[in-house]
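Spelled out, the chains give:
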Amino acid sequence: MRSIIFIISCLLAFSCSNKYKDIKNTEADYQIIPKPNKLSIENGRFLVNPNTKIIFTSPLSNEAAYLSEMLSTVSGINIALDSSSKDAAGNIKLLLDEQIDNAEGYRLSVKYDEVVIAGKTNAGVFYGIQSLRQLLPAEIEATNSIAELTIPAVEISDSPRYKYRGMHLDVGRNFFPAESVKDYIDLIAMHKMNTFHWHLTEDQGWRIEIKKYPKLTEVGGFRKGTAIGLAGTRNAPYTYDDVPYGGFYTQEEIKEIVAYAAARHITVIPEIELPGHSLAALTAYPQFGNTGGPYEVAKRWGIFKEVYAPTEETFQFLEDVLTEVMALFPSKYIHIGGDEVLKEEWEKSAYAQELIKKEGLGDEHGLQSYFIRRIEKFLNSKGRNIIGWDEILEGGLAPNATVMSWRGEEGGIAAAKQHHTVIMTPGTHCYFDYYQVPEELQKDEPLTGSKRHTTVEKVYSYDPTPAELNAEEAKYILGAQGNVWTEYMPTWDIVEYRVIPRMTALAEVVWTDKENKSWEDFYQRLQHIAKRYDVLGYNYAKHSVGE
Ligand code: ACM
């Protein structure tokens, strides 16, 4: 009886899939962001049916389970996993293919009677799945079932332009719970980006549990209030809400987030700011400052004169902190900040001045370089590399450092010319805390700290490889990243609003080859992905997609 049912269902499936064999597809059926580098439109559609299985080899069990869950949830059909069959006929097959050039490259072949996703690595297969996802209707993003789920036939051969495709999030100024961070990771994954730069320590709050120094979070994780409105900017006076504010991630939460990201082929790079932006840490442990304090976790935004003292005790403290950080984050890179270090305290410190003389550092810029080089040496000895903001060029770059260029592209250009790897994040194109509309329209927007603005079209126009670099130097540009400083993002809704769709544009900047990019074509595809954002419930900037 079972075999008769099986035969009947196979026949039904065959006649159904036959019905889909000759369907004509049009450009409108292929609305993928970032745009695949090679895509050929084919006729026919694959019907996800009760006999569809996902055939895979065991290294791909994670990707197979991810795809099965995605398709089962929306089709209402339980899509079985099968790691013993070989033949793709009638099924969806995931495989690894050594022949694919790029470590993140993939091929997606959809025919009316089979689907094959091949990747050089698991990451490639995952990106193939993300492309498949965007070939399905936006409604799949909700849990309600779709009666006839079909995939338009296609041949895609695709790989990213850049190795580093990042999004940053500052959780120091405002704190967001682990669930929001996971939502952010999902968003990054959907856009085939591969790095989450987690800015974990700030003047206004220390957000990562460090077991050896519990006061970092107990004391440094909380402030007594927060500046209201535009306090301190545009000559507005400081006023505070006097509402205690804070929070931090436990090491257990961090492990969970790192694993969640890894399952989506996203590396989490932690940032532990030094020697500046350290007021929260100094409030917890004043002995590592230049003055002994007293200090107070910052309640307002801006740059503070308080920085770490360059003493042996401070270096020991930082090495202890970084040791716990390395145990939580397997990333090759650890971001050590290095930006906006005011030199006033070192100028006045007898200890710092003595050290400058003793080590022949010249001045406080040399001391900053000494500070970074010592930390680099420690991290290199543990097999890790540092990334720092472009100020780490001052006084000489640490030997193996990667530079994150934020004050325009100049720092990145200088570093690439010195044969140091670079990640481009210039404020002009990659700062998503700026308004996304010109000044005359800003009064209708959620408040932000500066009148500067970056439209989605401007983000899209960005080319992370500056024309000034020759071909050899250009190889040092690893990619680009969108930065999300949260002084003026008190809620997660506002984070989403600022980020989407500017990150959508940046995703294409870092993935799609220059010759395959077109603003008009992107803008048209943006309308489609916006429907997906609607179903997912994201609070994106609708005016930026033309609504
Ligand atoms: C920065 O925006 N201070 C890196």
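That block above? That's the structure.
What you see is a predicted model; the values in this text were computed from it and never measured.

Cut-offs and rules
Here the residue index of a chain counts from 1 through its sequence in written order. Reporting in this predicted model follows two pLDDT cut-offs: at least 70 for local features of residues, and 80 or more for side-chain atom pairs to be given and counted; totals over whole chains, interfaces and linings ignore these cut-offs and use all residues. In computing side-chain properties, one takes all heavy atoms of the structure into account and sets aside hydrogens as well as water. Working definition: helices are DSSP H or I runs of at least four residues, strands are E runs of at least two. Numbering for both runs from the N terminus. Note on definitions: a residue-residue contact is assigned when non-hydrogen atoms from the two residues lie within 4.5 Å. Polar contact criterion, stated in full: a pair of N or O atoms within 3.5 Å, where within protein one must be able to donate a hydrogen and the other to accept it, and residues adjacent in sequence count only if both atoms are side-chain atoms. A pocket here means an open set of points on a 1 Å grid, computed over the protein atoms alone, that has protein on both sides within 12 Å along at least five of seven lines. A cavity is instead a set of points where a 1.4 Å probe fits but cannot get out; residues with an atom within 4 Å of a point line either one. Grid points are joined across faces, edges and corners, and a volume is the space filled by probe spheres set on the points. Gly falls in the polar group here, along with every residue not listed as nonpolar (Ala, Val, Leu, Ile, Met, Phe, Trp, Tyr, Cys, Pro) or charged (Asp, Glu, Lys, Arg). Exposure categories follow from relative accessible area, calculated using a 1.4 Å probe and restricted to protein chains: below 20% of the type maximum is buried, above 50% is exposed, and the middle band is partly exposed. Here a strand pair is declared whenever DSSP counts at least two bridges between the two strands. Every angle, taken between N-to-C directions, lies between 0 and 180 degrees, and every axis is a line fitted to C-alpha atoms, over only the stretch in contact when it is a helix. Salt bridge, as used here, is a side-chain nitrogen of Lys or Arg placed within 4 Å of a carboxyl oxygen of Asp or Glu. Roughly parallel means an angle under 35 degrees; roughly antiparallel, over 145; roughly perpendicular, 65 to 115; everything else is oblique. If you view the pair so one helix is near and one far, a crossing is left-handed when the near helix is turned anticlockwise from the far one by less than a right angle, and right-handed when it is turned clockwise. Here, nonpolar core refers to any group of buried Ala, Val, Leu, Ile, Met, Phe, Trp, Tyr and Cys residues whose side-chain atoms link them within 4.5 Å. Aromatic pairing here means that ring centres of Phe, Tyr or Trp (its six-membered ring) are within 6.5 Å. Orientation follows from the plane angle: under 30 degrees is stacked, over 60 is edge-to-face, and everything else is tilted. Only lysine NZ and arginine CZ atoms are considered, and such an atom sits over a ring when it is within 6 Å of the ring centre and within 35 degrees of the ring normal. Multiplying one less than the number of residues by 1.5 Å gives the expected span of a helix.

Chemist: Would you take a moment to explain the environment of Arg452 for this structure?
Modeler: By the element assignment, Arg452 lies in the loop between helix H13 (427-430) and helix H14 (456-460). As a C-alpha pair, Arg452 and Thr314 span 138 residues in sequence and 38 Å in three-dimensional space. Excluding residues that lie within four positions of it along the chain, Arg452 makes contacts with Tyr434, Tyr435 and Gln442. Within the local environment of Arg452, its side chain forms a polar contact with the side chain of Tyr434, the two groups lying 3.4 Å apart.

Chemist: Looking at this structure, I do not really get empty space enclosed by the protein. What am I missing?
Modeler: One water molecule sets the probe size; rolling that probe over the atoms shows where empty space is left. Summed over the entire model, instances satisfying the criterion amount to 1 cavity of 30 Å³ or more. Listed by contribution, the elements that provide at least two residues to the lining of the largest cavity are helix H4 (178-190) and helix H16 (492-499). Top element by residues in the lining of the largest cavity is H16. It accounts for 4 residues. Of the residues belonging to the lining of the largest cavity, the class tally is 6 nonpolar, no polar and 2 charged.

Chemist: Can you help me understand unusual backbone geometry in this one?
Modeler: Of all residues except glycine, most have a negative phi; of all peptide bonds, most are trans. Here the amide bond leading from Leu274 into Pro275 is cis, since omega sits at -10°, within 30 degrees of zero. Cis geometry is found at the peptide bond from Gly293 to Pro294, where omega equals 5°. Relative to the assigned elements, Pro294 resides in the loop between helix H7 (279-284) and helix H8 (312-328). For Asp242, which is not glycine, the phi dihedral falls at a positive 60°. Looking at where Asp242 falls in the secondary structure, it is placed in the loop between strand E12 (222-223) and strand E13 (245-246).

Chemist: I keep staring at the side chain of Thr150 and nothing clicks. Help me out?
Modeler: With respect to the helices and strands, Thr150 occurs in strand E7 (residues 149-158). Within the structure, Thr150 has its side chain in polar contact with the side chain of Arg45 (distance 2.8 Å). Contacts of Thr150, omitting those with residues within four sequence positions, involve Tyr20, Arg45, Phe46, Leu47 and Leu136.

Chemist: I keep staring at the pairing of strand E15 (residues 333-337) and nothing clicks. Help me out?
Modeler: Two faces belong to every sheet, and in a regular strand the side chains alternate between them. Burial analysis of E15 places 5 of its 5 residues in the buried class, which makes it a mostly covered element. Sheet analysis places strand E14 (residues 267-274) next to E15, joined by 2 bridges and oriented parallel. Residue Leu274 lies in a different strand from E15, and its bridge partner there is Gly337.

Chemist: Just to check I follow, could you spell out the sheet that holds strand E8 (residues 164-170) for this structure?
Modeler: What holds strands together in a sheet is hydrogen bonding between their backbones, with the strands either parallel or antiparallel. The strand order around the closed barrel built from 8 strands is E8-E9-E14-E15-E16-E17-E18-E19, with neighbouring strands paired in parallel fashion. Averaged over all pairs of adjacent strands, the angle between their axes in this sheet comes to 30°, without regard to strand direction. In the sheet, E8 pairs with strand E9 (residues 195-199) via 5 bridges, with the strands oriented parallel. Of the residues in E9, the one forming a bridge with Leu169 is Trp198. Against the sheet, helix H17 (residues 502-511) engages E8 and strand E19 (477-482), with an angle of about 150° to E8.

Chemist: Which parts of the structure should I look at to understand the layout of surface pockets?
Modeler: Quantified by volume, the largest pocket comes out at close to 690 Å³. If you go around the largest pocket, you meet 28 residues; those closest to its centre are Glu340, Asp433, Arg452, Trp485 and Glu487.

Chemist: Honestly, the pattern of salt bridges in this entry has me stumped. Any pointers?
Modeler: Note on pairing: side chains with opposite charge can pair once their charged atoms come close. If you walk through the whole model with that rule in mind, you get 33 salt bridges. One salt bridge in this structure joins Asp521 and Lys35, with 3.2 Å as the shortest N-O distance. Here the residue Asp521 occupies a position in helix H18 (residues 519-536), and Lys35 occupies one in the loop between helix H1 (2-19) and strand E1 (39-48), the gap between them amounting to 486 residues. Residue class for Lys35 comes out partly exposed when judged on its relative accessible area of 21%. In this structure, Arg407 engages Asp390 in a salt bridge whose closest nitrogen and oxygen atoms are separated by 2.5 Å.

Chemist: How do you make sense of the packing of H17 against H18 when you look at a structure like this?
Modeler: The geometry of a pair of packed helices is captured by two quantities: the angle between their axes and the separation between those axes. Packing of H17 against H18 leaves a shortest axis separation of 11 Å and a crossing angle of 125°. Relative to H18, the element H17 lies oblique. With respect to the hand of their crossing, H17 and H18 are arranged in right-handed fashion. In this structure, H17 contributes Thr504, Ala505 and Glu508 to the contact, and H18 contributes Phe522, Arg525, Leu526, Ile529 and Tyr533. For the contact of H17 with H18, the class distribution of residues is 5 nonpolar, 1 polar and 2 charged.

Chemist: What's the story with the sheet that holds E7 in this structure? I'm lost.
Modeler: Ordered in space as E1-E7-E5-E6-E4-E2-E3, the 7 strands form an open sheet in which the pairing is mixed. Among the strands making up the open sheet, the edge pair consists of E1 and strand E3 (80-82). Along the sheet, successive strands turn relative to each other by an average axial angle of 20°, direction set aside. Examined bridge by bridge, strand E2 (residues 53-56) and strand E4 (residues 92-96) share 3 bridges and lie parallel to one another.

Chemist: What am I meant to see in the nonpolar core here?
Modeler: Burial of nonpolar side chains together is a common tendency in soluble globular proteins. Counting 150 residues, the largest nonpolar core has Leu94 and Trp198 as its most contacted members. Setting aside its immediate chain neighbours within four residues, Trp198 contacts Leu169, Val171, Val181, Tyr249, Ile254, Ile257, Val268, Ile269, Pro270, Glu271 and Phe329. Of all hydrophobic cores here, the second largest spans 12 residues; its members include Ile269, Tyr333, Met404 and Trp406.

Chemist: Explain the packing of aromatic side chains here, please?
Modeler: Pairs of aromatic rings are described using the distance from one ring centre to the other and the angle between the two planes. One pass over the full model with this rule turns up 31 aromatic pairs. Taking the centre distance of 5.6 Å and the plane angle of 70° together, the rings of Tyr184 and Phe196 count as edge-to-face. Taken together, the positions of Tyr184 in helix H4 and Phe196 in strand E9 put the pair 12 residues apart, joining distant regions of the chain. When its relative accessible area of 1% is taken as the criterion, Tyr184 is described as buried. Here the aromatic rings of Trp198 and Phe329 are separated by 6.3 Å at their centres, their planes lie at 80°, and the arrangement is edge-to-face. With a gap of 131 residues between them, Trp198 in strand E9 and Phe329 in the loop between H8 and E15 connect regions that are remote in the sequence. Accessibility assignment for this pair places Trp198 and Phe329 in one class, buried. An aromatic cluster is defined as three or more aromatic residues linked by ring pairs; in this entry it consists of Phe175, Phe176, Tyr184, Phe196, Trp198, Tyr249, Phe329 and Trp492. The aromatic ring of Tyr260 is capped on one face by Arg264, whose charged end is 3.6 Å from the ring centroid.

Chemist: What should I look at first to understand H4 in this one?
Modeler: Residues spaced three or four apart along an α-helix face the same direction, because each turn holds 3.6 residues. Across its 13 residues, H4 extends 19 Å between first and last C-alpha, which sits within 8% of the 18 Å expected from 1.5 Å per residue. Across the 13 residues of H4, 10 count as buried, placing the element largely inside the fold. Listed as buried for H4 are Ala178, Ser180, Val181, Lys182, Tyr184, Ile185, Leu187, Ile188, Ala189 and Met190. Among the residues trailing H4, Lys192 stands out with phi positive, at a value near 60°.

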